[in-house]
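Chain and residue survey
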Amino acid sequence: MRYRWPLLFIAVLLTVSFAPVSASTLSFTVRPQGNDSNCDFNTAANGVQNIGGDGEATYRRTRALIVQAPIDYHEGFYTLGGSNGSDRPYSLDNLGTAPEAFVGMYEQLGYDSVLLASTPHQVDRGFAAALREQLAAAPTSSFAHIWITLLPYNGRARTITVASTGERVDLLYPYHEVAIMADTSDPGRVIVLDGLVGYPYSMTLDRLAQQLRGFNKAVLVRRGDGSEAGHIAAQFASLQQPYATIRLGGAFLSAARARWGASYQQWGQVIGPPLRMWNGSETVVRQAGDFVVYEWGSQGVNLAALGIWARDNVAAAAALPPDLVPAPLQNAMRAWAVEHFGSSERFHAIYGPTISGEFWVSAQILRDQVLRGTSPQLIPDEGALIVLTERTALIWTPQYGTQMLPLGAAYYQFLRGAHEIR
């Protein structure tokens, strides 16, 4: 079944049994939404505006950073009607973004954020209550970007194929995006900021749980103290919250699929939250996987130079040969690259050129200086031959052949240690 519900009808449904917020007790700004699918950008603007930020600048910035193209449920789904496709009327062909599209987005805008998730398509009042509890902990400096669905809805309104990977993805319809904040006058309610309705209204947690059930996901956003260390500490702390989850999404997911195709889940899955930090030339948002660290900056999403980081660690341990020069991959390492990536050229296109030839490193140096205490790989006591590229490292041993070192996990462990996170 394909729905074509006017936005005005949706707005009427959304406000049934909801209580307007008294202007005498609480004051909120709600940016109006037109007959379009810009509820995603509008929601970001409303949320940021009401915790003390610039809502209009946020609206423009999110429109620029989130790709408007038919991708899939984990990133977004827009018409092909040009760069402003989202301005067209809302329909199954023009939905707006899904929750994962905002992974890393609020860090780009200068805020702390975490994706919270429960089981989709199930009413989970505990999830709604946990969300409200987190908002109430910082009622004037936090909001949640949520995805709500109406009764009835179609959880498989369309199934699409992701061209780059062949994945089949079901689309939920209809859904709508709004911002919510804690209702400080009632622990059983939240305040909803919805551009379609045009004014703030209060919603019970029972109703919120019903409306959340399609995705059962929310991005919790907070103002930070402005420092890099404070932000990183907040991001690590956010993982201790109920329902906190780590996802590969948004710009990171697009980059992963472009680099690895269908094998992105092997080489590109993430293990940590997005972190805003200085990379030596600009502020970027980094997210760690086992083998790589994504770096989202002014030039888009690239892979951090972890091979250079590993080289510097080896050099600091006085274990780097003084006459080391770059050399092409040889023998087993070259064969491994061809097997996993189709050609050595393709391997280097992803992980960068070699910055060393083969050299021997002891098991202790590998474990302590390169892997930083992480030891998921098989390293014999005799050590291994290693080759560094700009963004990764390969090792070879007679017992286990060629392996790619999990430098992303090692870097993530290093960050946790630097911020005293256990």
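Note that this is a predicted model, so its numbers are computed, not measured.

About the cut-offs
- Residues numbered from 1 in each chain as written.
- Predicted model: local features only at pLDDT ≥ 70, side-chain atom pairs only at ≥ 80, totals over all residues.
- Heavy atoms only, no water.
- 1 Å grid on protein atoms, 1.4 Å probe; cavity = no way out; pocket = protein on both sides within 12 Å on 5 of 7 lines; lining within 4 Å.
- Points joined across faces, edges and corners; volume = space filled by probe spheres on them.
- Helix = DSSP H or I, 4+ residues; strand = E, 2+ residues; numbered from the N terminus.
- Nonpolar A, V, L, I, M, F, W, Y, C, P; charged D, E, K, R; others polar.
- Expected span 1.5 Å × (residues − 1).
- Buried < 20%, exposed > 50% of the residue type's maximum accessible area, 1.4 Å probe, protein only.
- Core = buried A, V, L, I, M, F, W, Y, C linked by side-chain atoms within 4.5 Å.
- Contact = heavy atoms within 4.5 Å.
- Salt bridge = Lys/Arg side-chain N within 4 Å of Asp/Glu carboxyl O.
- Pairing = 2+ DSSP bridges.
- Axes fitted to C-alpha atoms, helices over the stretch in contact; angles between N-to-C directions.

Right, let's talk about the layout of surface pockets for a bit. Approximately 310 Å³ is the volume found for the largest pocket. Along the wall of the largest pocket there are 19 residues; nearest its centre are Asn279, Arg286, Glu295, Ala304 and Ala305. Among the secondary structure elements, those contributing two or more residues to the lining of the largest pocket are β13 (283–288), β14 (293–297), β15 (300–303) and α10 (306–316). Here the residues of the lining of the largest pocket sort into 9 nonpolar, 5 polar and 5 charged.

Taking 1.5 Å per residue, 12 residues should reach 16 Å; helix α14 (residues 407–418) reaches 16 Å between its end C-alpha atoms and fits that length. When we look at burial in α14, the residues that qualify are Leu407, Gly408, Ala409, Ala410, Tyr411, Tyr412, Leu415 and Arg416. Two residues or fewer after α14 comes glutamate 420, characterised by a positive phi angle close to 55°.

Counting residues in each nonpolar core, the largest one holds 69 residues, and the members touching the most others are Phe102, Tyr106, Trp260, Tyr294, Phe347 and Tyr351. Top contributing element to this core by residue count: strand β7 (residues 168–182), with 7 residues. The contacts of tyrosine 294, once residues within four sequence positions are left out, are Leu248, Phe252, Ala256, Trp260, Gly268, Val270, Val285, Arg286, Gln287, Val301, Asn302 and Leu303. Residues Ala304, Ile365, Ile379 and Ile386 belong to the second largest nonpolar core, which totals 31 residues.

On to the pattern of salt bridges. Scanning all chains against the criterion turns up 11 salt bridges. For aspartate 93, the salt bridge identified is with arginine 158, shortest N-O distance 2.7 Å. Remark: arginine 158 occurs in strand β6 (residues 142–161) and aspartate 93 occurs in the loop between β3 (76–77) and β4 (96–97); sequence separation between them is 65 residues. Residues arginine 125 and aspartate 206 are paired through a salt bridge, measuring 2.5 Å at the closest nitrogen-oxygen approach. One end of the pair, arginine 125, is in helix α5 (residues 125–136); the other, aspartate 206, is in helix α6 (residues 205–212), with 81 residues separating them in the sequence.

This part is about the sheet that holds β14. Strand order in the open sheet formed by 4 strands is β12-β13-β14-β15, and the pairing between neighbours is antiparallel. Each having just a single partner strand, β12 (275–278) and β15 make up the two edges of the open sheet. Geometrically, the sheet is characterised by an average inter-axis angle of 35° between neighbouring strands, direction not taken into account. Sheet contacts for helix α8 (residues 250–260): β13, β14 and β15; angle to β15, the most-contacted strand, approximately 55°.

Okay, the pairing of strand β10 (residues 217–222) next. Across the 6 residues that make up β10, a large majority, 5, are buried. Here strand β5 (residues 112–117) pairs with β10 via 6 bridges, running antiparallel. Along β10, the bridge assignment pairs valine 114 with leucine 220. One ladder, built from 5 bridges, connects β6 with β10; its direction is antiparallel.

Next up on the list: the sheet that holds strand β16 (residues 359–361). Strand order in the open sheet made by the 4 strands is β16-β17-β18-β19, with antiparallel pairing throughout. With partners counted over all chains shown, the strands left at the sheet margins are β16 and β19 (401–404), one partner each. The average angle at which neighbouring strand axes cross in this sheet is 35°, direction not considered. Note: β16 against strand β17 (residues 384–388), 3 bridges, orientation antiparallel. Bridge pairing in β17 places valine 361 opposite alanine 384. The sheet contacts of helix α11 (residues 331–341) involve β17, β18 (393–397) and β19, and relative to β18 the element is tilted by about 125°.

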